[in-house]
Every structure is written in C-alpha cells, then in structure tokens.
Amino acid sequence: MSAEAADREAATSSRPCTPPQTCWFEFLLEESLLEKHLRKPCPDPAPVQLIVQFLEQASKPSVNEQNQVQPPPDNKRNRILKLLALKVAAHLKWDLDILEKSLSVPVLNMLLNELLCISKVPPGTKHVDMDLATLPPTTAMAVLLYNRWAIRTIVQSSFPVKQAKPGPPQLSVMNQMQQEKELTENILKVLQIGSLSLHCTIDEKRLAGYCQACDVLVPSSDSTSQQLTPYSQVHICLRSGNYQEVIQIFTEDNLTLSLPVQFRQSVLRELFQKAQQGNEALDEICFKVCACNTVRDILEGRTISVQFNQLFLRPNKEKIDFLLEVCSRSINLEKASESLKGNMAAFLKNVCLGLEDLQYVFMISSHELFITLLKDEERKLLVDQMRKRSPRVNLCIKPVTSFYDIPASASVNIGQLEHQLILSVDPWRIRQILIELHGMTSERQFWTVSNKWEVPSVYSGVILGIKDNLTRDLVYILMAKGLHCSTVKDFSHAKQLFAACLELVTEFSPKLRQVMLNEMLLLDIHTHEAETGQAGERPPSDLISRVRGYLEMRLPDIPLRQVIAEECVAFMLNWRESEYLTLQVPAFLLQSNPYVKLGQLLAATCKELPGPKESRRTAKDLWEVVVQICSVSSQHKRGNDGRVSLIKQRESTLGIMYRSELLSFIKKLREPLVLTIILSLFVKLHNVREDIVNDITAEHISIWPSSIPNLQSVDFEAVAITVKELVRYTLSINPNNHSWLIIQADIYFATNQYSAALHYYLQAGAVCSDFFNKAVPPDVYTDQVIKRMIKCCSLLNCHTQVAILCQFLREIDYKTAFKSLQEQNSHDAMDSYYDYIWDVTILEYLTYLHHKRGETDKRQIAIKAIGQTELNASNPEEVLQLAAQRRKKKFLQAMAKLYF
C-alpha cells in the first residue's frame, strides 16, 4: 500500500486521537453536564469559550415571516443559555483578570449586564444613587463587580495600543471587526459617563510604594519628618545637601537594619560621583558614609569594602574619632549577640594592625568599646603581634590618657615618613619628604624603600648614575610612581609626576629630558585612547606630529623603550594614518624599526585591498614576513640595547620579531580592517597544512598565496594557538563582528566542540539580523556554514534540527534530512519542531514515517503542519517565501535560546 493510500484509509477508518468536542446545545439537553464538564482538568471547550458560545447563541437575532430582522426573543431557551454563561463565570469566581484577558468588551459587558439583571438591580438606576449597605449581598456584589470592571476598562482604554498588522482583505471579517470596534466605543462612552475611581480591591503595599516613590520626587506639602520613611528622608537630605542628616540616618540604621545594603551603597556611589566632579567638600562626607556602611557590613559578617581601605589609607585623628563613634552607636552591648560582638572586636583589631602611627593605635586601644569587647589576654596578644610586626613601635599594655606628650624616637619618625613616601602621589610632597629623610640620615638609599618601585632597565642605569643622592632618589621615585599610575590608568597623577620629573631633569641631563618627553608622549597616547576610545574623535594634530617626530628621531645614546615604538606605530594604524606609513615614512626607519616596517606592510595591504588581485604585491610581502616569523628556523639578531634587528634571508624577506612580540603588538591595535587583515592572514596560514581536516573561513582570504614552499619549516601548532588568541582578542574589541564570530565557530568546529560552535554560528547570524527578525545575509550563512551547523546538530544527536537546517541550503538536502528523521534516538524536541518545517516534501515524508511506525499522535502533528494554508503549493511565490522566512526566524530564535 502506498503512503497516500495509507493516509486516505487512516483518514476514513481510524478513530480520532482525542475525544470529540462537546457542543453548546448538549448543555441545554442535560442539566448536570455543565458541572461535570467544568470539573475536568482540561475541559474542551474551555470555560471562557463556553461563555462566548452561550451568549452568542442567546443574542442571535430572529427573522419573522416578512424576512425582517428582529431582536433575540426573550424565551426559555435564551434565558437558560444566559444563565449557563453566568454559571461558568461563577465557576471562574468572577476573576476579572481571566475574563478580561479572554472576552471582548461587548461580550463581557453583556455578561455583567445579565448579572445585574438576575441580581435584581433595577434597569436604568444610577449606581451612584444606591446605598450599598441596604442592598442584599448578591445585588451589592453585582454592582461592585460591574463598577470595578467599568473602571478597569476605562483605564485600560486610555493606554495606547499597537494596531495589529492587517491580513489579507476579507470583506466579512473586516465588517465584523468594524462592528465590534464601534460597539466597544459605544460601551466605553457609556462607562465614562456613568461609572463609579470607588469599590475596588486595593493593594495597600503597592499603593504605599507608589506614594513613597512620588514623595521622593515631589514631596507633599503636608508631609513631616515624623511621617517620612527612611528612604524619603535620605532622598530629601541628598537634594537639600543636608549630608550630616544622612550620616545620622545611616548610623541609626546600623541598629535597626531597615535600609537595604544596596540602597546605602547607591547613596555612597552618588556622593562619590559628586566628589569626583570637583566638589572637594564631599571627601569627608564620603568617608563618613563609607565608614557607616563598613560598620554595617562588619556587623552582618561581610568583608570590608575596597572604598573604605582606599579612604583610610591616610588616617588622622578626626577619622578615627568618627569611626569609633559609629562603632559605639551601632551596637547595643546589652542586647547584641556574641557573633555581633565578635565581628566588631575582630574589626577593631584589624584596624589596629593596619595602623603605623603609635598615637592612633592608642586612640583605639584606650577606647571604652575596645576595652569592653576584648579581654586583657586578647589585648596583650594584639600588642605582641604588633611588636613582632614592627620593632620600631613600642606599645604599652595599659592605655595612657595623654598620648600626644609621648616623645617619638628618630626611627619612628623615619618609618612614618617612609610610609607617607610610599602612599603619596603628590610630587611636591614626595620632594618634601625626601628632603626631610635626607636631613635625618645620609646612609639610606630611599629609592629602595618599596620593592614595587620599578623603572625599565634601559633607564635605571642612567638614573642610578646621578651623583647627588637626593636628586637620584627623587628622579627614580617620580618616574616609578608615574609609570605605576599610568599602568593603573590614573593618568592625571601620572602626568603630574612626569611633569615634575621633566622639570627636574631638564636642569642637568638632556638625555633624561628626552627620556621623559618620550614617556609623556606614550602617556598622552594612552590618555587619548582611554578618554575617546576607537569610536571617538580623532587625536589632535600636535599629538600626531609628536608621534611622527618620535618615529623619525635619530638622537644618539638616548635610551629607548621598544614599547613606545610599538605604541606609536599602533597609534598610526588605529587612526588610519595610512598616507604617512605607506608614502611618507623615511627609508631609514624601515631598516631600523621592525614595527614601522610591519605597520607599512599592514597599511599598504589595507590600501590595496579594493584593487585587482594582481596589484596586491604588498599582501605577498606581508605574508612572507609572517611566515618567516612563524618558522622554526627563523634567525633573529638583537643589539646591545635589546632591540630586534632585521636580517635579510635568501629570498629578501625580513624576519622582524618573534611570534610573541608580534602578538603583543597586534593586541595594541583597534582598527577593524587592520585586525581583519591580520586574522585573515593567520587563518590562511593555518589552512595551508596538508593534514588539516576542516578549513577555517575568513574575509579577504583570497589575497594570500595558496601554498608555502617549505611546509616543514612552519610551526603550525604555534599558528593554531595564535589564531585562537587573535580571535579572542578581536572579539573583545567588537563582540558583534559576524566575520570574527564565524572564525571562532569554525575553530570550535575543527576541534570537535560542537555545542560551542553552534553558539557562535548562531551569534554570528543574530548580530547581523536583529536577532533573526530580519533575514540573515547569504554571505554570512553560506552553504558551508549551514552544512557545518548540520554536522554539529547531527553529532549532538539533534536530528530534527538537522532536517530543518537542510531546508536552509540553496538546494534542499533531502537525503540528509530523510536520513536524520529516520533516527529514533533524537535529543531534541522532535515533533515540537514540526511547525518550523516549510518544505512540503519533508512534511509528507514525516507523515509517512509516523504512519509506518504507528506513531498516531506525531502523525497528527505532521498532518496539522502540512495542512496550513500558507504552505499550499498553489500560493504565489511571495507567500511561500514569507512562510519560509517566518519559520526560519522562529527556528533560529528557538535555537539561540537553546545554545546561548
């Protein structure tokens, strides 16, 4: 028997899979049927459908003998139908959320009017004139329910509603929609005239939240401080600048714990922002609010915040006094649990251990709270710990009353000054401290105080050769601190430190003066990149001129850092200064600076890209350079200054640096086309192996040579690692570049990581199609990409997904689709995906397959999918294309949710 004959036989002789739907008139014939029907777990038809059917039948107009349309008769049949509709609504407990969601305004209006009628509410009576207290309960309930619905409907109708996109013009449907719209508008007019903004269920907590939010923005005139919540009080204080009151509220809240920690942190962030905008008066307020929050964190067992540690780097008497006051007011010693006391005691001990100044330690250790929380043995142990940590500090076990009179030894003063020297980033304060230290002792080399102070080795010899000890220390420390600030992106302090160092060395050393000018150029490059980013405005012309000046500088005996040359060339590439790199760069630079040579090759390759293939000679030169860098036998020569020199090989190609140096340079680039070219080159180099199974695709891959004379010389393992690192870096620059995403997907595909590959294939399609709301461009989802997605799904045992993806190919792969559908061990949603199939041949095969296996339910799903009118083969091509596109969109979105 053929598949078609089997389908016909099944359609005529087999029993239906689901019981037939109960018709509305059956409820008229059997009184108890409605109650039985509504008790079912999933009644069909649903309760709201029954309401519509009952009222629709009860409101059908009649036609007399003269063929005139008459209102529906008030007979027993129609009254019973209306009563049945009311019973169903009562079964739903008159839940307006359910009724409004499923019933139109005219139907619900009819239903509630029937309720008013059966509840003996006199027609035409104004509800506002009725005394609800005198009405029977059923009548009052009907009035209240009707007015609640009226108010909700009026409010809902005031909201703008997006018009549904009209379908094909059908006269009967349009007339029906127009009639319903006019009827709804008439009902709304009646409701707006005679409704009652009373008698509704109020969510008091939600209403209180709205009132509180409004009060924060526009406080009411009659609100007093006693009536305001702590939230409102804090917002009012912030608006009026009454920050002391905020501190008071936060301190009191440390006992009540009523304000959420996130709210308190948001207040601190707001104050920090105002302080950073130039309001220096807020620095003290920021510390006090941060101290209040820190004590709250300590009491609840959380760690100390980074902000507190930063603000407490320079403790003084006022800060410690305030901290002790907050600690005392934040804990009730009589009622506090042992865990709270333990947390507070541990905090005070840690604060003591972090202090260097003897006076401040005494302030805490002699405080009443400290003495109460720590036993004598604990305090003695703390003193012993501090003695071991710092032999210069000599503490007494017993607290003293007047610690300001204790004479400090010279060693303590030196230690304090060294501590301040480590923390300070103010160049004039650093100079003052060093003068004081050199006045106390001439034996110390204070540039060695901190092992974190580092200057490049190429500079250290010149700096440490300065004969004057004070000048040597000052130059070394200013440069080390400036370099550190630049590393952590504190560019303002770095600029101050470098400027002070430049002013100092200009007086006695032209060599160090040029060194500082070079470092300030690098700092200005970093500052511009950080402030504007790649999409920001172009750098000023004087900065570009200074970069060119550095590259062309030929001063002898000037110590140079290679990183500055790298940054200058990267700067020129990032800001598309291709004209200079390709035409104006001096010839000597190409021989002396490998990064300039690399920059010229990259800029020229990008410039020649639109031209004919035979004109892309620079691409071949760049290819040979990179191949040589990635070759195992490459030779490199380094001079005494540590810089890489160029070596001519047999074929006149230039080996310019090691692979790690090349990768470090590439990671300074931001320009998309330059990164795409570099990535394309390494992908092509990765693909030229003879033993490679799966090629990786990339843009502009055709511009590179197709082979290498000596494959054995290339370290392909290093090339593969480089490709992965480059893709990871480029996606960190722009995670929405579909070309780079496809490369990442291909890498995962080649390394058998199929789920990750699907993730990136889908992401590549999503970013260029507004999350699949538009068609994915065919140059993104090529046949090769679709075939790899098919293989990923197949190896993940998602065979239904395979069949659907076979439709995406330019020529549908029926063989693979049919084979995948024969697989019974599928790990995807199987028949839930049938709605995404638009090819009728595949749906017919599914119908046959399920019939052959006796899978009646799944066969019905396939029949339902194939029976959709928009898949009819006689439809215009535009309709079929639209149906396919709609299913593509839904399927890809479903896949994205699965694999993202």
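Reading guide: rules and limits
- Residues numbered from 1 in each chain as written.
- Predicted model: local features only at pLDDT ≥ 70, side-chain atom pairs only at ≥ 80, totals over all residues.
- Heavy atoms only, no water.
- Helix = DSSP H or I, 4+ residues; strand = E, 2+ residues; numbered from the N terminus.
- Buried < 20%, exposed > 50% of the residue type's maximum accessible area, 1.4 Å probe, protein only.
- Areas by Shrake-Rupley, 256 points an atom, 1.4 Å probe, with all protein chains shown as cover.
- Disulfide = S-S within 2.5 Å.
- Axes fitted to C-alpha atoms, helices over the stretch in contact; angles between N-to-C directions.
- Parallel < 35°, antiparallel > 145°, perpendicular 65-115°, else oblique.
- Left-handed = near helix turned anticlockwise from the far one by under 90°.
- Contact = heavy atoms within 4.5 Å.
- Nonpolar A, V, L, I, M, F, W, Y, C, P; charged D, E, K, R; others polar.
- Core = buried A, V, L, I, M, F, W, Y, C linked by side-chain atoms within 4.5 Å.
- Salt bridge = Lys/Arg side-chain N within 4 Å of Asp/Glu carboxyl O.
- pLDDT = per-residue confidence, 0-100.
- Lys, Arg positive; Asp, Glu negative; His and termini not counted.
- Expected span 1.5 Å × (residues − 1).
- Phe/Tyr/Trp six-rings, centres within 6.5 Å; stacked < 30°, edge-to-face > 60°.
- Lys NZ or Arg CZ within 6 Å of the ring centre and 35° of its normal.

1. Points about the overall build of the protein
Part 1: Each helix and strand in the protein was counted, giving 43 helices and six strands.
Part 2: Counting over 900 residues, the protein shows a buried share of 43%.
Part 3: Carbon and sulfur atoms make up 52% of the accessible area of the protein, which amounts to about 50,000 Å² in all.

2. A short note on the state of the cysteines
Part 1: Using the criterion set out here, one finds zero disulfides in the structure.
Part 2: Here Cys327 stays free of any disulfide, with the sulfur of Cys292 as its closest cysteine sulfur at 9.6 Å.

3. Brief notes about the packing of helix H32 (residues 617-629) against helix H34 (residues 672-687)
Part 1: Look at H32 against H34: their axes get within 11 Å of each other, and the N-to-C directions meet at 60°. Between H32 and H34, the interaxial angle falls into the category oblique. Where H32 crosses over H34, the two elements pack in a sense that is right-handed. Of H34, the residues touching H32 (which contributes Leu622, Trp623, Val626 and Val627) are Ile677, Leu681, Phe682, Lys684 and Leu685.
Part 2: Partitioning the contact of H32 with H34 into residue classes produces eight nonpolar, no polar and one charged.

4. Quick look at the nonpolar core
Part 1: Core analysis: the largest hydrophobic core is formed by 160 residues, its most contacted members being Leu551, Leu602, Phe682, Leu685 and Tyr781.
Part 2: Apart from the residues lying within four places of it in its own chain, the contact partners of Tyr781 are Tyr761, Leu762, Gly765, Phe772, Val776, Ile786, Met789 and Leu892.
Part 3: Membership of the second largest hydrophobic core comes to 53 residues, among which are Cys237, Leu299, Ile320 and Cys352.

5. Focus on the pattern of salt bridges
Part 1: Inspection of every chain in the model, using the stated rule, returns 29 salt bridges.
Part 2: Its salt-bridge partner being Asp524, residue Arg546 comes within 2.8 Å of it at the nearest N-O pair. Of this pair, Arg546 sits in helix H27 (residues 541-551) while Asp524 sits in helix H26 (residues 510-532); the two residues are 22 residues apart in sequence, bridging distant segments of the chain.
Part 3: On the basis of relative accessibility, which here comes to 32%, the residue Arg546 falls in the partly exposed class.
Part 4: The salt bridge partner of Arg576 is Glu671, with a shortest N-O separation of 3.6 Å. Highlighted residues: Arg576 in the loop between helix H28 (562-574) and helix H29 (578-584) and Glu671 in the loop between helix H33 (659-666) and H34, separated in sequence by 95 residues.
Part 5: Overall, the relative accessible area of 10% leaves Glu671 in the buried class.

6. Some remarks on the side chain of Arg788
Part 1: Note that Arg788 resides in helix H38 (residues 783-795).
Part 2: A relative accessible area of 9% places Arg788 in the buried class.
Part 3: Here Arg788 is in contact with Asn694, Asp695, Asp746, Phe749 and Tyr761, once residues within four sequence places are set aside.

7. Examining the confidence of the model for the protein
Part 1: Per-chain confidence: the protein averages 81 in pLDDT, with 83% of residues scoring 70 or above.
Part 2: Low pLDDT, under 50, characterises residues 1-8; the predicted model gives this stretch seven contacts beyond four residues in sequence or across chains.
Part 3: Note that pLDDT drops below 50 for residues 390-409; the model gives that stretch 30 contacts with residues more than four away or on any other chain.

8. Things to note about the side chain of Asp839
Part 1: Checked against the element boundaries, Asp839 lands in the loop between helix H40 (814-822) and helix H41 (840-853).
Part 2: Of the side chains bearing the opposite charge, Arg887 lies closest to the buried Asp839, which forms no salt bridge; the N-O distance is 11 Å.
Part 3: Discounting chain neighbours no more than four positions away, the residues touching Asp839 are Gln807, Ile812 and Tyr814.

9. A word on the environment of Arg314
Part 1: Looking at the secondary structure, you find Arg314 in the loop between helix H15 (306-311) and helix H16 (317-329).
Part 2: If near-sequence neighbours (up to four positions away) are discounted, Arg314 is found in contact with Lys319, Leu423, Ser424 and Val425.

10. With respect to H38
Part 1: For H38, which comprises 13 residues, the first-to-last C-alpha distance of 18 Å matches the rise-based estimate of 18 Å (1.5 Å per residue) to within 8%.
Part 2: All of the buried residues in H38 are Val785, Ile786, Arg788, Met789, Ile790, Cys792 and Cys793.
Part 3: Tucked into the core, H38 has its buried residues touching helix H36 (738-750), helix H37 (754-767), helix H39 (799-806), H40 and helix H43 (877-899).

11. Re the packing of aromatic side chains
Part 1: Within this structure, the stated rule accounts for 21 aromatic pairs.
Part 2: Taking the centre distance of 6.1 Å and the plane angle of 10° together, the rings of Phe287 and Phe312 count as stacked. With a gap of 25 residues between them, Phe287 in helix H14 (residues 282-299) and Phe312 in the loop between H15 and H16 connect regions that are remote in the sequence.
Part 3: With centroids separated by 5.7 Å and ring planes inclined at 50°, the aromatic side chains of Phe771 and Phe772 adopt a geometry described as tilted.
Part 4: On the basis of relative accessible area, Phe771 is assigned to the partly exposed category, the value being 33%.
Part 5: One aromatic cluster is present, built from ring pairs that chain together Phe808, Tyr833, Tyr836, Trp838 and Phe891.
Part 6: Here the guanidinium or amino end of Arg264 rests over the ring plane of Phe250, the centre of that ring lying 4.6 Å away.

12. What about the environment of Ala336?
Part 1: Among the structural elements, Ala336 can be located in the loop between H16 and helix H17 (338-353).
Part 2: Between the alpha carbons of Ala336 and Leu255 there is a distance of 9.8 Å; along the sequence they are 81 residues apart.
Part 3: Not counting residues within four places of it along the chain, the set of residues in contact with Ala336 comprises Ile331 and Lys341.

13. Here's the deal with the packing of helix H13 (residues 261-276) against H14
Part 1: Interaxial distance between H13 and H14 falls to 9 Å at its minimum, and their mutual angle equals 160°. Considering the angle they form, H13 stands roughly antiparallel to H14. Classified by chirality, the crossing of H14 by H13 is left-handed. Along its contact with H13, which presents Val261, Arg264, Gln265, Leu268, Leu271, Phe272, Lys274 and Ala275, the element H14 presents Leu282, Asp283, Ile285, Cys286, Val289, Cys290, Cys292, Asn293, Arg296 and Asp297.

14. Details of the environment of Ile804
Part 1: Here Ile804 lies in helix H39.
Part 2: Once the C-alpha coordinates of Ile804 and Phe891 are considered, the two residues, 87 residues apart in sequence, prove to be 8.4 Å apart.
Part 3: Residues within four places of Ile804 in sequence aside, it is in contact with Tyr833, Tyr836, Ile837 and Phe891.

15. Re helix H8 (residues 137-157)
Think of an α-helix as 3.6 residues a turn; residues three or four steps apart then line up on the same face.
Part 1: Spanning 21 residues, H8 covers 30 Å between terminal C-alpha atoms, matching the ideal 30 Å at 1.5 Å per step.
Part 2: Listed in full, the buried residues belonging to H8 are Thr139, Ala140, Ala142, Val143, Leu145, Tyr146, Asn147, Trp149, Ala150, Ile151 and Thr153.

16. Concerning unusual backbone geometry
Part 1: Of the consecutive residues Asp44 and Pro45, the connecting peptide bond is found in the cis state with omega at 10°.
Part 2: For Pro45, the location among the structural elements is in the loop between helix H3 (33-39) and helix H4 (47-58).

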